[in-house]
Amino acid sequence: MTVGAAQIRISEGGRPKADLTDLARLNQVFTELTAEQRIRYALDHFAGPQILKSSFGAQSAVSLHLLTQQQPDMPVVLIDTGYLFDETYQFIETLQSRLGLNLVIYRSEKSPAWQEALYGQRWLQGLDGLDAYNYDNKVEPMQRALQDLNVATWFSGVRRIQSSSRVNTPFVQFNGDYYKVAPLADWHDKHVFDYLKAHDLPYHPLWEKGYVSIGDVHTTRSLNQVESLEQTRFFGLKRECGLHKTDGFAGVPRGHQRYAPSGPALAICESRRPRKL
């Protein structure tokens with residue numbers, strides 16, 4: 001496969017395959033491409049099935065529009081905790097209707113009421129409680145989606161500027177089972193604003209009220225309520241729920257990745273070498 005001068009082997013036998021040097025070069029080449037070109041390349045050359053995971057957050061209309069313009073039937077995976085804002089559910093309906101989304105919804109196997117009866121409100125039980133809640137309601141359902149849908153390529157709308165935990169997000173990661181592609185990794189808020197305006201797309205309804213990072217009702221705060229961006233989620237105790245880690249990607253413990261020495265940091269799993277299938 002060719003991207004500029006780089007020859008990249010990215011699949012074998014219809015399943016993901018990657019060489020560590022190839023991935024580093026691919027990330028470097030992607031710095032010269034537009035988001036649309038990165039998506040086009042991944043759609044054409046990365047193994048399938050392919051999905052887009054969306055939280056339907058503040059600026060999610062951008063990635064949803066970019067992907068569905070090129071692949072209208074792309075499965076869009078939503079993890080519904082049952083605790084999303086009313087405005088988020090309304091936003092989902094609006095975008096699904098406008099963009100014709102192929103929405104695939106996953107949830108915890110226990111309802112919110114069932115979980116509260118067993119464990120109480122775990123998001124109020126410190127960091128351990130938050131981690132347990134996030135695993136049961138976000139990480140495990142996503143793992144189930146990846147397995148059920150046999151995912152080989154996962155598109156994400158994650159951007160480096162969103163938080164300190166995302167500053168090293170590469171355009172392409174590989175964990176031995178699937179690719180994770182972040183075509184907007186280098187976008188700033190001005191890029192997002194310009195794209196939404198050019199295509200007459202909406203921000204999340206809560207954006208106007210100072211909600212810049214939107215998750216569950218009980219662990220999301222407006223910038224008007226806190227002193228820093230980091231405090232808008234999980235009471236400032238943490239930033240990530242576990243779905244979008246580049247350190248410990250796909251559940252691999254710290255220390256099992258290495259990062260490309262030049263260009264965007266490339267999180268890869270040295271302990272799980274790419275399989276030949």
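Below you will find a few notes about this structure. All values derive from a computational prediction rather than experimental measurement.

### Quick word on the overall build of the protein
Logical step 1: The secondary structure content of the protein amounts to 7 helices and 12 strands.
Logical step 2: Taking all contacts inside the protein whose residues are at least 6 apart in sequence as the whole, residues at least 24 apart take part in 69%.
Logical step 3: Of the roughly 12,600 Å² that the protein leaves accessible, carbon and sulfur atoms contribute 49%.

### Side note on helix H6 (residues 126–148)
Logical step 1: Over its 23 residues, H6 extends 32 Å from the first C-alpha to the last, a length consistent with the 33 Å expected when each residue adds 1.5 Å.
Logical step 2: Tyr-135 marks where H6 bends most, by close to 45°.
Logical step 3: Residues of H6 that are buried sit in contact with strand S5 (50–53), strand S6 (75–79), strand S7 (102–106), helix H5 (112–119) and strand S8 (153–155).
Logical step 4: Of the residues trailing H6, Asn-150 is marked for its positive phi of about 55°.

### A word on the pattern of salt bridges
Logical step 1: A full pass over the atoms with the stated rule returns 9 salt bridges.
Logical step 2: For Lys-138, the salt bridge goes to Asp-216, with nearest N and O atoms at 3.6 Å. Of this pair, Lys-138 sits in helix H6 while Asp-216 sits in the loop between helix H7 (189–198) and strand S11 (257–258); the two residues are 78 residues apart in sequence, bridging distant segments of the chain.
Logical step 3: What you see here is one network of salt bridges that share partners, running through Glu-109, Glu-140 and Arg-144.

### As for the packing of helix H3 (residues 61–70) against H7
Logical step 1: Following both chains from N to C, one finds H3 and H7 inclined at 60°, their axes separated by 10 Å at the closest point. Taken together, the axes of H3 and H7 are oblique relative to one another. Read as a crossing pair, H3 and H7 show a hand that is left-handed. Where H3 abuts H7, its residues Ala-61, Val-62, His-65 and Leu-66 lie against Val-192, Tyr-195 and Leu-196.
Logical step 2: In terms of residue class, the contact of H3 with H7 is built from 6 nonpolar, 1 polar and no charged.

### What to know about the packing of aromatic side chains
Logical step 1: Within the structure shown, the criterion is met by 12 aromatic pairs.
Logical step 2: Between Trp-154 and Tyr-178, the ring centres sit 5.9 Å apart and the planes meet at 40°, which makes this aromatic pair tilted. Residue Trp-154 is found in strand S8, and its partner Tyr-178 is found in the loop between strand S9 (172–174) and strand S10 (179–181); the two are separated by 24 residues along the sequence. Just as Trp-154 is buried, Tyr-178 falls in that class too.

### Brief notes about H3
Logical step 1: Extensive coverage of H3 is indicated by the burial of 8 of its 10 residues.
Logical step 2: Listed in full, the buried residues belonging to H3 are Ala-61, Val-62, Ser-63, Leu-64, His-65, Leu-66, Leu-67 and Thr-68.
Logical step 3: Packed against the buried residues of H3 are helix H2 (35–45), S5, S6, helix H4 (86–99), S8 and H7.

### Things to note about the environment of Phe-171
Logical step 1: Mapped onto the elements of the fold, Phe-171 is located in the loop between S8 and S9.
Logical step 2: Judged by relative accessible area, Phe-171 falls into the buried class, the value being 1%.
Logical step 3: Sequence-wise, Phe-171 and Leu-26 are 145 residues apart; in three dimensions their C-alpha atoms are separated by 8.6 Å.

### Quick look at the environment of Phe-155
Logical step 1: Mapped onto the elements of the fold, Phe-155 is located in strand S8.
Logical step 2: As a C-alpha pair, Phe-155 and Ala-182 span 27 residues in sequence and 6.1 Å in three-dimensional space.
Logical step 3: Discounting chain neighbours no more than four positions away, the residues touching Phe-155 are Ile-39, Ala-42, Leu-43, Gln-50, Ile-51, Leu-52, Lys-53, Leu-67, Met-74, Val-181 and Pro-183.

### A closer look at unusual backbone geometry
Logical step 1: Cis geometry is found at the peptide bond from Gly-48 to Pro-49, where omega equals 0°.
Logical step 2: On the secondary structure map, Pro-49 appears in the loop between H2 and S5.
Logical step 3: For Phe-56, which is not glycine, the phi torsion reads 55° and is therefore positive.
Logical step 4: Looking at the element boundaries, Phe-56 is found in the loop between S5 and H3.
Logical step 5: Positive phi, normally seen in glycine, also occurs at Asp-200, with a value near 50°.

Here is what the cut-offs are and how they apply
- Residues numbered from 1 in each chain as written.
- Predicted model: local features only at pLDDT ≥ 70, side-chain atom pairs only at ≥ 80, totals over all residues.
- Heavy atoms only, no water.
- Helix = DSSP H or I, 4+ residues; strand = E, 2+ residues; numbered from the N terminus.
- Contact = heavy atoms within 4.5 Å.
- Areas by Shrake-Rupley, 256 points an atom, 1.4 Å probe, with all protein chains shown as cover.
- Expected span 1.5 Å × (residues − 1).
- Bend = angle between axes of the 7 residues up to and from the residue.
- Salt bridge = Lys/Arg side-chain N within 4 Å of Asp/Glu carboxyl O.
- Axes fitted to C-alpha atoms, helices over the stretch in contact; angles between N-to-C directions.
- Parallel < 35°, antiparallel > 145°, perpendicular 65-115°, else oblique.
- Left-handed = near helix turned anticlockwise from the far one by under 90°.
- Nonpolar A, V, L, I, M, F, W, Y, C, P; charged D, E, K, R; others polar.
- Phe/Tyr/Trp six-rings, centres within 6.5 Å; stacked < 30°, edge-to-face > 60°.
- Buried < 20%, exposed > 50% of the residue type's maximum accessible area, 1.4 Å probe, protein only.

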